[in-house]
Amino acid sequence: MSLRILTMLLCSALLIAACKDDETKPNGAVSDFKLTFKSNYNGERLIKYHQYPYGANAYPLEFSRFTLFLTDVTLLNGTQETVVAPSLYLDFTPDNASSDTSAYLNYTFANIPEGTYTGIKIGYGVKPSDNAKNPADFPPSSPLYNDNEYWLGWKSYIFCKIEAQGDSDKDGVYDHFNIYHCGGSLVYKTFTFTQPITVGGNAKTTNVNFDLRKLFIMDDGRYYNMVTSPSTSNNKDSLRVANDIMGKFGKATTLEQ
Amino acid sequence: MRASYQIPKRNWLILCFFSTIALVPACNKDNNPNPTPTKGDLEDIPYNPQAYTIVKPAHFPEIEVPKDNPMTLEGVQLGRRLFYDPILSADSSISCASCHLPKGSFTDNKATSKGIDGINGRRSAMSLLNVAYVKNGLFWDGRSPSLEDQALRPVEDPVEMHNSWTKVVEKLKWNKDYPTRFRQAFGINDRSEITKELAAKAMAQFERILISSGNSKYDRFKFKGENNLFDDEELDGFIMFNDDALNQGVNLPDAQCFHCHGGILNTGNNYFNNGLDSVSNLDGFKDLGRYLVTTNNSDKGKFRAPTLRNIELSAPYMHDGRFKTLEEVVDHYSKNGTGVSNEDPFIRQIGYPIQGSNPIKYTGLTPHQKQSIVKFLKTLTDTDFVNNPDIQNPFN
């Protein structure tokens, strides 16, 4: 190979690399990237034990727990991917809260290439390769160390926990108690959201909102029947219920910066 | 390998030096019996702490040790002595171990415990097994953030040791043995540097070695591949405890236990209302539990779900010791709660769903199913732990 061809090849390779770089880090600089996760019900900040109108007869429904694992929260720029968080455990209703108002969970990820990204990709649950391991395989600093969020029976993390109770006949007595604990690699979901996100400069925090109401609105617009499908616990329906709920996170998630 | 607990051989000179110092206070006729310690009076004692590796079963998670209190053999030994030494109580009558005895898996097997004044506390002593793993607040209500903080509290608690740390530290300073041990564990230069914080650190180090042996019947069955170890009832209990009937293809109801007592440690150390009390509103609880810490209304009557490892040995049960036997405990759960608003939803779903009930109600458990769960709970018994020589009273 002549030296000229080699030089040309090298130059073009450099150019390609430079072009690629241009998309996200024109100056190669890195910055903090701030994410805040919020849980809502019908657009309002979720409050534990607050009565929300539910179903066709608008009966009172209360939530008591909402936790969620996320995997590979990834900033996108065309086909280029920057993983900002390999694994997160979000507890919106933590045991140490001093009020029933759900927590805003703030994260700052350091050293993220500056630039304007086109969107974000989020894995809901624990990705199969991590889910095949168990809590003792992770260091205490990992969200996957928490063995309380693991079910030996399924050999899976509990991707999402939503607990609720309601008074479907409005007689002042709760009559359904809901436990939606979703897990198992089969119900792991990934959704991509298109949204310009800037990292660097005076970029604001990016909010990721999960709206619980949208998790329980079916495709035909009706409310999910929490009376007849009260839980994911050991019934033949549990996988379907878990899959229904996990599958709705795409619709239930909104982003803003 | 477990580190051994041989008392280090001190050299004669140092011993003589200390006996002299120990005599000094006795001769002092002054009102203040303890003279100011000489600066640097411990400096001649070697300070070579040996790092201590906590022994844990391979299938147990890693143990987090605070950076400012690394484990050392000398620290653990000192902590063990303090834990078993009544020197901490005002009338030298009780030690930590009076309420946390090895044979009760570090409880006293009493509904509530009496302190030095014979007054009963309002809560039952907690098992200290695997306490190193508790990250969500110590005590039934989680009011203490760490073992280092917790260990400071019983000494001044009026229904426990009813003493003051100033007095305890004074006693420790002039004790014939402790100053050397504080030097060896923490490198202090003279006895005036003994503090309650160092005493608490040492006790916390000792408490961190109170880890399961990993040899319970359950561990051998579940984690060590001895698949045929359980009899039919134990196996049924195990399946119901873990809501695993569907996966196992057997016809057994869910007992829901693992949701709150799950994982390798048989607890997630979270706070729940497990349906013990029927109250007309949340203010009706005799003990407000977690609310006392968070002041969050919906935490009234919630308590930490403790580990069920060694539960057979730590009767009676619950924060107030209301149940004498495991049979009574399982009877309680089989009733599906009392309907208080912040009761955990799992408490209402124990047993089979009753077909045709709308909304769905649950059957609870049959006597045989309850018996199977109790038998399963007993597979969690870990006698190797309670008999471990390294954690017994060092003064015996």
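To be clear, the structure that these remarks concern was listed above.
What comes next concerns the included structure.

Thresholds, definitions, all that
- Each chain has its residues counted from 1, following the order in which its sequence is written.
- The lettering of chains begins at A and the numbering of ligands begins at 1, in the order of writing.
- Residue-level local features of this predicted model are given only where pLDDT is at least 70; pairs of side-chain atoms are given and counted only at 80 or more, and the full residue set underlies all totals for whole chains, interfaces and linings.
- Side-chain figures throughout are based on the complete set of non-hydrogen atoms in the structure, without hydrogens or water.
- Here a residue-residue contact requires only that any non-hydrogen atoms of the pair lie within 4.5 Å.
- Reported buried area values correspond to the accessible surface (1.4 Å probe) lost by two parts on association, with both partners' losses combined.
- Salt bridge, as applied in this entry: a Lys or Arg side-chain nitrogen positioned within 4 Å of an Asp or Glu carboxyl oxygen.
- Nitrogen and oxygen atoms within 3.5 Å of one another constitute a polar contact, given that in protein one can donate a hydrogen and the other can accept it, and given that sequence-neighbouring residues count only through two side-chain atoms.
- The helix and strand labels rest on DSSP assignments: H or I over at least four residues marks a helix, E over at least two residues marks a strand, and numbering proceeds from the N terminus.
- Three classes are used, and their members are as follows: Ala, Val, Leu, Ile, Met, Phe, Trp, Tyr, Cys and Pro are nonpolar, Asp, Glu, Lys and Arg are charged, and the others, Gly among them, are polar.
- Expected helix span is taken as 1.5 Å per residue step, with the number of steps being one fewer than the number of residues.
- Working definition: with a 1.4 Å probe on protein chains only, accessible area under 20% of the residue-type maximum means buried, over 50% means exposed, and in between means partly exposed.
- For two strands to be treated as a pair, DSSP must find no fewer than two bridges joining them.

**Some details on the interface of chain B and chain A**
Step number 1: With 49 residues of chain B in contact, the opposing surface of chain A contributes 37 residues.
Step number 2: Here chain B and chain A share an interface that buries about 3400 Å² over both sides, 50% of which is from carbon and sulfur atoms.
Step number 3: Joining chain B to chain A, the criterion identifies 1 salt bridge.
Step number 4: One salt bridge in this structure joins Arg65(A) and Asp344(B), with 3.8 Å as the shortest N-O distance.
Step number 5: At the junction of chain B and chain A, the tally comes to 10 residue pairs in polar contact (both at pLDDT 80 or more).
Step number 6: Looking at which element gives the most residues to the side of chain B that touches chain A, the answer is helix α11 (residues 245-248) of chain B, with 3 residues.
Step number 7: Of the residues in the side of chain B that touches chain A, the class split is 17 nonpolar, 20 polar and 12 charged.

**What about helix α8 (residues 196-207) of chain B?**
Residues and elements named next belong to chain B.
Step number 1: The end-to-end C-alpha distance of α8 is 16 Å, a good match for the 16 Å that 12 residues give at a rise of 1.5 Å each.
Step number 2: Judged by how many residues are buried, α8 sits mostly within the fold: 9 of 12 residues are covered.
Step number 3: For α8, the set of buried residues is Leu-198, Ala-199, Ala-200, Ala-202, Met-203, Ala-204, Gln-205, Phe-206 and Glu-207.

**Let's talk about the pairing of strand β10 (residues 176-183) of chain A**
The side chains of a regular strand alternate between the sheet's two faces.
All names here are of chain A.
Step number 1: Burial within β10 is extensive, with 8 of its 8 residues counted as buried.
Step number 2: The side-chain alternation of β10 yields two buried faces, one formed by His-176, Asn-178, Tyr-180 and Cys-182 and the other by Phe-177, Ile-179, His-181 and Gly-183.
Step number 3: By the bridge criterion, 8 bridges tie strand β9 (residues 156-166) to β10 in an arrangement that is antiparallel. The residue bridging Ile-158 from the neighbouring strand is Gly-183, located in β10.

**Focus on the environment of Asp108(B)**
Residue and element names in this part refer to chain B.
Step number 1: By the element assignment, Asp-108 lies in the loop between α3 (96-99) and α4 (147-150).
Step number 2: The exposure class of Asp-108 is buried, given its relative accessible area of 9%.
Step number 3: Each C-alpha atom, one on Asp-108 and one on Leu-313, is 9.9 Å from the other, the two residues being 205 residues apart in sequence.
Step number 4: Among all residues touching Asp-108, those that are not within four sequence positions of it are Ser-98, Cys-99, Leu-101, Ser-113 and Ala-125.
Step number 5: Reaching out from Asp-108, the side chain makes a polar contact with the side chain of Ser-113 at a distance of 2.7 Å.

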